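Here is what each chain is made of, one letter per residue.
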Amino acid sequence: MTIGIDLLSFSTSRYFFSLKSLANYRNVEYAKYYSGIGQMKMSVFPPNEDIVTLAIAASKRILTKVDDISSIDMLIFATESSFDLSKSAGIYVHHFLDLKPDCRVFDVKQACYSLTAAIQLAKNYVSAYPESKVLIIGSDIVKYSEESSGEPTQGGAAVAAIISKNPRLMSLEPYSSVYTRDIMDFWRPIYKNDALFDGKLSAQNYLESLKITFEKYLQKSGLKKEDVNYFCFHCPFCKMVKKAARLLSINNVDDTIIYNSIIGNSCSASLYISLISLLDNCPSDLTGKRVGMFSYGSGSVAEFFSGRIAENYRNVLFTEKHQNQLSSRSEISFKEYEAFRMDLPVNCCYENAGHVFLKTIEDDKRIYEILKNQL
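Residues numbered from 1 in each chain as written. Predicted model: local features only at pLDDT ≥ 70, side-chain atom pairs only at ≥ 80, totals over all residues. Heavy atoms only, no water.

S.K.: Describe the overall build of the protein chain, listing the residues and the values that go with them.
M.R.: Along the protein chain, the regular secondary structure elements total 11 helices and 16 strands. For 375 residues, the compact-globule estimate of 2.2 N^0.38 gives 21 Å, and the C-alpha radius of gyration of the protein chain, at 19 Å, lies within 12% of that figure. Each principal axis of the C-alpha atoms in the protein chain carries an extent, and together these give about 55 × 50 × 40 Å. Buried positions account for 58% of the 375 residues belonging to the protein chain. For the protein chain, restricting intrachain contacts to residue pairs at least 6 apart in sequence, the fraction spanning at least 24 positions comes to 75%. On the protein chain, roughly 16400 Å² of surface is accessible, and the fraction owed to carbon and sulfur atoms is 49%. Computed over 42 positive and 42 negative side-chain charges, the inter-centroid distance for the protein chain is 4 Å. (Helix = DSSP H or I, 4+ residues; strand = E, 2+ residues; numbered from the N terminus. Rg over C-alpha atoms; globule rule 2.2 N^0.38 Å. Buried < 20%, exposed > 50% of the residue type's maximum accessible area, 1.4 Å probe, protein only. Contact = heavy atoms within 4.5 Å. Areas by Shrake-Rupley, 256 points an atom, 1.4 Å probe, with all protein chains shown as cover. Lys, Arg positive; Asp, Glu negative; His and termini not counted. Charge placed at Lys NZ, Arg CZ, Asp CG, Glu CD.)

Below you can see the structure in the form of structure tokens.
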């Protein structure tokens, strides 16, 4: 019995802000963004959009290809953008997806590593209960202050996946390597709206963690580097992926960063958007190919693992929907960008990613409603 990713999709905002415009308003050369960090656009989010609404949109899409939704008896929500220290964001998603009541729901957190942690938990669960399916979601929205060097890396998205036996997309291999190290490269205390970070230290630790985990992965698996056909890396910004590729002396990562370069950093979702980008954009047939996956979460936990692409994997892709979603986004003005980034009230009614929107917050309770066109 194989276990792995049966379905995989992402959702992001209907709006973007160009890094050319950001460079103009911040009085910096555009090359600092395009060449320096490898980014062109960032997804930006109106006040009625949050990690829950994005998660619902991504999940709704993959559920259209699940034959028996009642087989989903666990939902794991991975995020570092949580708005509640007690209630799981997954509870809202469970409600709007109409999943059965006897379904475990909880959140996991460890910076950008958290969706990988969810995958490993889900894999072990399906191993114990082979007839079960697990819905895992990674959803994050990244915002920084204008004084921060992280501003041009902003972005956000939600990735939803079904973990099951006999997966139609990618089977997970049994060997992986994990490296944990206590380091203050990125953190957000509960009294802070914006994260604190040491970018130079984070990049250094990212690469050190990659070197350590990849070497241990090869030792555990008995494989050689040449046995890994494609590589996907956590992508806080695309230049970091290029540095990772140079470290391992590989050059086949261009297809993996197409989506991230115009979405921006999506934290827990970014590694899996890299995988989706590879699956959607690689012209070669990936059947049977081994894909190495490097996950990194500041603070820090890193893991290198791999999977094999299934036969007929293209039958369960959402390529057209992903590409239409990105190509149909609307560009916003700098004034709108500032309002979105600072969560200021806006007069115009902006479109939501789909299905559900955040209507209001009353008495510290978040109230969501189904969009009229979804009724």
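S.K.: I'd like to hear about the pattern of salt bridges, residue by residue, with values.
M.R.: For the structure on display, the rule yields 14 salt bridges. With its nearest N and O atoms 2.8 Å apart, the salt bridge here joins aspartate 50 to arginine 366. Pair noted here: aspartate 50 is in the loop between strand 3 (41–44) and helix 3 (51–63) and arginine 366 is in strand 16 (residues 365–370), with a separation of 316 residues, a long-range link. Given a relative accessible area of 6%, aspartate 50 falls into the buried group. (Salt bridge = Lys/Arg side-chain N within 4 Å of Asp/Glu carboxyl O.)

S.K.: If you had to explain the nonpolar core to someone new, which residues and values would you point to?
M.R.: Note on soluble globular proteins: their nonpolar side chains tend to be buried together. Formed by 80 residues in total, the largest nonpolar core has its most connected members in Leu135 and Ile136. Examining the composition of this core, we find that nine residues originate from one element, helix 3, more than from any other. Here leucine 135 is in contact with Ser59, Ile62, Ile72, Met74, Leu75, Ile76, Leu97, Leu99, Ala160, Ala161 and Ile162, once residues within four sequence places are set aside. Within the second largest apolar cluster, 38 residues are counted, among which are Phe17, Met42, Tyr217 and Met240. (Core = buried A, V, L, I, M, F, W, Y, C linked by side-chain atoms within 4.5 Å.)

S.K.: Run through the sheet that holds strand 2 (residues 15–18), naming residues and quoting values.
M.R.: Taken together, the three strands give an open sheet; going across it, the order is 3-2-14, and neighbouring strands pair in mixed fashion. Among the strands making up the open sheet, the edge pair consists of strand 3 and strand 14 (330–331). In this structure, strand 2 lies alongside strand 3, joined through four bridges in antiparallel fashion. Bridged to phenylalanine 17 within strand 3 is methionine 42. (Pairing = 2+ DSSP bridges.)

S.K.: Run through the packing of helix 9 (residues 270–281) against helix 10 (residues 319–327), naming residues and quoting values.
M.R.: Look at helix 9 against helix 10: their axes get within 10 Å of each other, and the N-to-C directions meet at 110 degrees. Classified by the angle between their axes, helix 9 and helix 10 sit roughly perpendicular to one another. Crossing angle aside, the handedness with which helix 9 passes helix 10 is left-handed. Contacts between helix 9 and helix 10 involve Ile276, Asp280 and Asn281 from the first element and Thr319, His322 and Gln323 from the second. (Axes fitted to C-alpha atoms, helices over the stretch in contact; angles between N-to-C directions. Parallel < 35°, antiparallel > 145°, perpendicular 65-115°, else oblique. Left-handed = near helix turned anticlockwise from the far one by under 90°.)

S.K.: Would you mind going over the packing of helix 6 (residues 199–221) against helix 7 (residues 238–247) in detail, with residue names and values included?
M.R.: Axis separation between helix 6 and helix 7 bottoms out at 10 Å; the angle between their running directions is 40 degrees. Note on packing geometry: the crossing formed by helix 6 with helix 7 is right-handed. Residues Ala203, Tyr206, Leu207, Leu210 and Lys211 of helix 6 pack against Met240, Lys243, Ala244 and Leu247 of helix 7. The residue makeup of the contact of helix 6 with helix 7, split by class, is seven nonpolar, no polar and two charged. (Nonpolar A, V, L, I, M, F, W, Y, C, P; charged D, E, K, R; others polar.)

S.K.: Quick one: what's the story with the sheet that holds strand 7 (residues 155–165), residue by residue and with numbers?
M.R.: Strand pairing in a sheet relies on backbone hydrogen bonds, with the paired strands running either antiparallel or parallel. Read from one edge to the other, the open sheet built from nine strands follows the order 5-4-6-7-1-8-13-12-11, with strand pairing classed as mixed. A strand with exactly one partner marks an edge of an open sheet, and here the two such strands are strand 5 (104–108) and strand 11 (230–233). Each strand of the sheet is rotated relative to its neighbour by a mean of 25 degrees, with strand direction disregarded. Lying on the sheet, helix 6 is in contact with strand 8 (170–180), strand 11, strand 12 (290–297) and strand 13 (301–309); it crosses strand 8 at an angle near 125 degrees.

S.K.: Account for the pairing of strand 16, with residues named and values stated.
M.R.: Where strand 15 (residues 356–362) and strand 16 come together, six bridges link them in antiparallel fashion. Following the sheet pairing, phenylalanine 357 is matched in strand 16 by glutamate 369. The antiparallel pairing of strand 15 with strand 16 creates a hairpin that spans two residues between the two strands, and aspartate 363 there sits at a positive phi of about 55 degrees.

S.K.: Outline the packing of aromatic side chains, listing residues and values.
M.R.: Following the criterion strictly, the structure yields 24 aromatic pairs and no others. Between phenylalanine 96 and tyrosine 368, the ring centres sit 6.4 Å apart and the planes meet at 75 degrees, which makes this aromatic pair edge-to-face. In this pair, phenylalanine 96 is assigned in helix 4 (residues 89–96) and tyrosine 368 in strand 16, connecting sequence segments 272 residues apart. On the numbers, 4.9 Å between centres and 85 degrees between planes, the contact of phenylalanine 340 with tyrosine 350 is edge-to-face. Within this pair, whereas phenylalanine 340 is found in helix 11 (residues 334–341), its partner tyrosine 350 is found in the loop between helix 11 and strand 15, the two being separated by 10 residues in sequence. You'll find phenylalanine 340 and tyrosine 350 in the same group, each marked buried. Each member of the aromatic cluster is reached from another via a ring pair, and the members are Tyr175, Phe214, Tyr217, Phe231, Phe233 and Phe304. (Phe/Tyr/Trp six-rings, centres within 6.5 Å; stacked < 30°, edge-to-face > 60°.)

S.K.: Can you break down unusual backbone geometry residue by residue, with the values?
M.R.: With omega at 0 degrees, the peptide bond leading from glycine 299 into serine 300 counts as cis. Residues other than glycine seldom take positive phi values, yet aspartate 98 does so here, at roughly 55 degrees. Of the residues examined, aspartate 98 reaches a relative accessible area of 65% and is grouped as exposed. Even without glycine at this site, aspartate 363 takes up a positive phi of about 55 degrees. The topology assignment puts aspartate 363 in the loop between strand 15 and strand 16. On the basis of relative accessible area, aspartate 363 is assigned to the exposed category, the value being 70%.

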